[in-house]
Amino acid sequence: MFNEQRQAQRKLLKVKAVVTVDGSAPAAVKTVDVGANGMCIMSPEPIQVGASAQLRFDLFVDGAMTTIDVRGKASYCILSHGDFKVGFSFLNLNLSGVTQLAKFLK
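Counting restarts for each chain, with residues numbered from 1 along the sequence as it is written. Confidence filtering applies because this is a predicted model: local features only for residues at pLDDT of at least 70, side-chain atom pairs given and counted only at 80 or more, and all residues used for totals across whole chains, interfaces and linings. Excluded from the side-chain calculations are hydrogens and water; all other atoms, namely the structure's heavy atoms, are used.

## A closer look at the overall build of the chain
Next up, step 1: Working definition: helices are DSSP H or I runs of at least four residues, strands are E runs of at least two. Numbering for both runs from the N terminus. When you go through the chain residue by residue, the secondary structure sums to 1 helix and 7 strands.
Next up, step 2: Counting from the amino terminus, the chain carries its helices and strands in the arrangement β-β-β-β-β-β-β-α.
Next up, step 3: We take the radius of gyration over the C-alpha atoms and set the globule estimate at 2.2 Å times the residue count to the 0.38 power. Scaling as 2.2 N^0.38, a compact globule of 106 residues should have a C-alpha radius of gyration of about 13 Å, and the chain matches this with 13 Å.
Next up, step 4: Seen through its principal axes, the chain has C-alpha atoms that stretch 35 × 35 × 25 Å.
Next up, step 5: For the exposure calls, accessible area comes from a 1.4 Å probe over protein chains only, and a residue counts as buried if that area is under 20% of its type's maximum, exposed if over 50%, partly exposed in between. Every one of the 106 residues in the chain was classed for burial, and the buried ones make up 37%.
Next up, step 6: In this analysis, two residues are considered to be in contact whenever any of their non-hydrogen atoms come within 4.5 Å of each other. Long-range contacts, defined here as pairs at least 24 residues apart, represent 51% of the contacts in the chain between residues at least 6 apart.

## Observations regarding the nonpolar core
Next up, step 1: Remark: nonpolar core denotes a set of buried residues (Ala, Val, Leu, Ile, Met, Phe, Trp, Tyr, Cys) joined through side-chain atoms within 4.5 Å. With 24 residues, the main nonpolar core has Val19, Ile47, Phe57, Phe88 and Phe90 as its most contacted residues.
Next up, step 2: Elements supplying a minimum of two residues to this core: β2 (16-21), β3 (27-35), β4 (38-43), β5 (52-61), β6 (64-80), β7 (83-91) and α1 (95-105).
Next up, step 3: Per-element tally for this core: the top contributor is β5, with 5 residues.

Below is the structure:
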């Protein structure tokens, strides 16, 4: 049984993103959803739980695109429909990122 670990509500977000796991090349992924404390992505390759990575994705806020660039830590990785569903917790999201995410999540 999967135990829900989310601390905050998530909102669907279906955009392309780039994930750079420490020590690896950047990889193109797709986002699933995002919340104030983290996000879920679909990756063609598994990402080890506990791995640190740089996450970069765009949000449409106040009529304009804004880029979020944040460190994250993988909290789960499960095989789902041929890809890997990976959950990330954000680490040290800057004030601008916090503000833009809060506006998006309203």
